[in-house]
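# Examination of the molecular architecture
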Amino acid sequence: MHRLNTIFLAGTLLSGALAAPVHAQTVHEASVRGHVEVLAGPGLRGRESASADEAAAAAFVGAMFRGYGLHTAPGMTGYTQTADIVVRKLTGPALLTANGAPVAAPLLIASAGQPVTGKLTVFAGTDPAKVPAADVVIVTDTSVNPLRVAGSLDPAKVKLVIVRATPDVQAYFQRIGGAPRLPRSFKGEAPNPRTTVVALADAAFDALAQRPDADIALTLPGLVEEPRVTTNAIGWLPGTDPAAGVLLLSAHLDHFGVRPDGKIMYGANDDASGTAAVIELAKALAQGKRMRRGVLFVAYGSEEAGGFGARKFIQNPPVPLEQIVANLEIEMIGQQDPKLPAGTMMMTGFDRSTFGETLKAHGALVTSDPYPEQNFFQRSDNYALAEKGIVAHTVSGWAVVPTYHTPEDTVDRLDLPFMTRAIQSLVAPLRSLANSRAKPEWKPGGKPTAE
Ligand SMILES: [Zn+2]
């Protein structure tokens, strides 16, 4: 029976090889569409980080892994991994005063969760490195988005930064859901310090900018701490050679859930598209001959809320991190970037290692990142692994797509034929790498150094 099957199969492959491309089509658009329609459909309500909807999304991904024949990862009894985290929320609006008098309508954008007092210092530049160490700083130059300055400050030097509520600042506030960002942390750990950010409308801003040395006080209403659980989905294909190392293919399954105004943030591109890719790669690589290296397939929770799923994975990896020879994170491959050659994805930090060129040489539709100034290499879950020395990159379609972090990031806006071809193009290169003895390596200067 086995022998007959083998002969029949070999004959089929041989005759097929004359007419068809070497690598058979294993990724189908209908299947890709099915995954994104579940993940970014109304049922999962935008897969809010560390919510029941996120857990349901992880259960779905885990069920797909199981169905395609993946194993549970070493040391695990199921296809999900959870972490306890603490979410903080304010019970009312913040109050800002200057010399004891209230300042009109302060918009709290990010908060450390603590009140702030101090003397006002005016900063007229745009270079965050030149902001003086002072408790409270008002940033008056708006020729660059003042949140860029605010977001790059050292919380040990500046406790509160006040910015003008420019259209960019207001758009950002909408994107984060119209509620201030407060620190989250793993249960039992203190949250990371952060600089509090307040935006003011023009009249209030201009009046305050004329009053250097004013005594500023930001008081907060009550702060509530809410216990939550974030969930990763993990599947495993064991390799034939335990000494050969492991490949890690990953995406993030969470997004922003339902905004305070009731709009669902579907996150079809960000990152239901990458999660669908990981599911499809699991299916494709589980078929056929067992590979030399093991492959871990992971969909992280809580990427959008600070990378908690990836950090949990790194703290409790199913295989020792030293065994991971490379990580490919797949993020936002749902649309093509008009700046890139048609049909290609970009790889962040392409020139930092040999990983991208190796995949490309084997047919992956990847090219270098046209937005080095955006620091995308540092802005996805790959970075936490890269910081540990693991060759880890992210592939994306259009990283600056206009629907980014808006309710318009929906399934009907995805370019499914592009996604399907892009995912398909990764199958043979990843299989080749999983069977190879060669490891991707950092190039000189490419490995991130601890900051
Ligand atoms: Zn995102």
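Definitions and limits used
Residues numbered from 1 in each chain as written. Predicted model: local features only at pLDDT ≥ 70, side-chain atom pairs only at ≥ 80, totals over all residues. Heavy atoms only, no water. Helix = DSSP H or I, 4+ residues; strand = E, 2+ residues; numbered from the N terminus. Expected span 1.5 Å × (residues − 1). Buried < 20%, exposed > 50% of the residue type's maximum accessible area, 1.4 Å probe, protein only. Polar contact = N/O pair within 3.5 Å; in protein donor to acceptor, adjacent residues only side chain to side chain. Donors = N, O, S within 2.8 Å, 3.2 Å for Na, K, Ca; no water. Tetrahedral: all angles 85-135°; square planar, octahedral: opposite > 155°, others 65-115°. Lys, Arg positive; Asp, Glu negative; His and termini not counted. Salt bridge = Lys/Arg side-chain N within 4 Å of Asp/Glu carboxyl O. Contact = heavy atoms within 4.5 Å. Pairing = 2+ DSSP bridges. Axes fitted to C-alpha atoms, helices over the stretch in contact; angles between N-to-C directions.

Another aspect to go through is helix 11 (residues 416-435). When the terminal C-alpha atoms of helix 11 are compared, their 29 Å separation across 20 residues agrees well with the 28 Å that a helix rising 1.5 Å per residue should span. Counting buried residues along helix 11, 15 of its 20 residues qualify, which places the element largely inside the surrounding structure. N-cap assignment for helix 11: the residue whose side-chain oxygen lies 3.2 Å from the backbone N of F418 is D415.

Turning our attention to the coordination of the zinc ion. Distances from the zinc ion to its protein donors, D270 (OD), E304 (OE), E304 (OE) and H405 (NE2), fall within 1.9 to 2.5 Å. For the zinc ion, the four donor atoms are set out with angles of 55 to 147 degrees between them, so the coordination reads as irregular. Positions of the donor residues of the zinc ion, expressed as sequence spacing, correspond to D-x33-E-x100-H. Highlighted residues: D270 in helix 7 (residues 268-286) and H405 in the loop between strand 19 (392-396) and helix 11, separated in sequence by 135 residues. Judged by its relative accessible area of 10%, H405 is buried.

The next thing to look at is the side chain of E303. The residue E303 is located in the loop between strand 15 (294-300) and helix 8 (308-315) in this model. The charged side chain of E303 is buried without a salt bridge, its nearest counter-charge being R379 at 8.1 Å. Here E303 is in contact with H252, D254, E331, R379, S380 and D381, once residues within four sequence places are set aside.

With that out of the way, let us pick up the sheet that holds strand 5 (residues 116-123). Adjacent strands of a sheet pair through backbone hydrogen bonds, lying either parallel or antiparallel. One open sheet accounts for eight strands, arranged 3-2-10-5-6-7-9-4; its pairing is mixed. What marks the edges here is a single partner per strand, and that holds for strand 3 (101-102) and strand 4 (107-110). When strand 4 meets strand 9 (residues 196-200), the two strands line up antiparallel, connected through three bridges. Counterpart to L107 in the pairing with strand 9 is A199. Lying on the sheet, helix 5 (residues 167-175) is in contact with strand 4, strand 7 (160-164) and strand 9; it crosses strand 4 at an angle near 65 degrees. Of the strands in this sheet, strand 2 (95-98), strand 5, strand 6 (136-139), strand 7, strand 9 and strand 10 (215-219) are in contact with helix 6 (residues 202-209), which crosses strand 7 at around 125 degrees.

In short, geometric facts, not functional conclusions.
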